Amino acid sequence: MSIQLPLDLAAPDRYSRERFIATPALRDALSVLDAPEAWLSPHLILLGGPGSGKTHLAHIFAAQTGAHFLSAADTHALDPAALEPRPYVVD
């Protein structure tokens, strides 16, 4: 009979900036996210195919700005009047 030992191993944050691989196109997107004060609008939409890095970039932005991260499903019952005055990310 075999015994399984539980190991208390911390998993790395898979969406951290340190784990982000910046291709030339993603480097440009990251530089835009790094300077929200330079945006022409207070809103930014990232477009790209599956696996292109949108979610990873969104997590980086949320971590550096303190943005509240929402899934698209979270927005269905969202009351805009109840939103806090802070950045939001919808993935």
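Residues numbered from 1 in each chain as written. Predicted model: local features only at pLDDT ≥ 70, side-chain atom pairs only at ≥ 80, totals over all residues. Heavy atoms only, no water.

A. Structural view of the nonpolar core. In this structure, F20, L30, L33, L57, F61, A67 and V89 are the most contacted members of the largest nonpolar core, which totals 13 residues. Here the element with the most residues in this core is helix α2 (residues 54–65); it accounts for 5 residues. Setting aside chain neighbours within four positions, we find L33 in contact with W39, L44, L46, L57, F61 and Q64. (Core = buried A, V, L, I, M, F, W, Y, C linked by side-chain atoms within 4.5 Å. Buried < 20%, exposed > 50% of the residue type's maximum accessible area, 1.4 Å probe, protein only. Helix = DSSP H or I, 4+ residues; strand = E, 2+ residues; numbered from the N terminus. Contact = heavy atoms within 4.5 Å.)

B. Structural context of the packing of aromatic side chains. Applying the stated rule across the entire model yields 1 aromatic pair. Each ring, one from W39 and one from F61, has its centre 5.7 Å from the other, and the planes form 25°; the classification is stacked. Taken together, the residues span a long stretch of sequence, with W39 in the loop between α1 (24–33) and α2 and F61 in helix α2 at a distance of 22 residues. Note on accessibility: W39 and F61 belong to one class, buried. (Phe/Tyr/Trp six-rings, centres within 6.5 Å; stacked < 30°, edge-to-face > 60°.)

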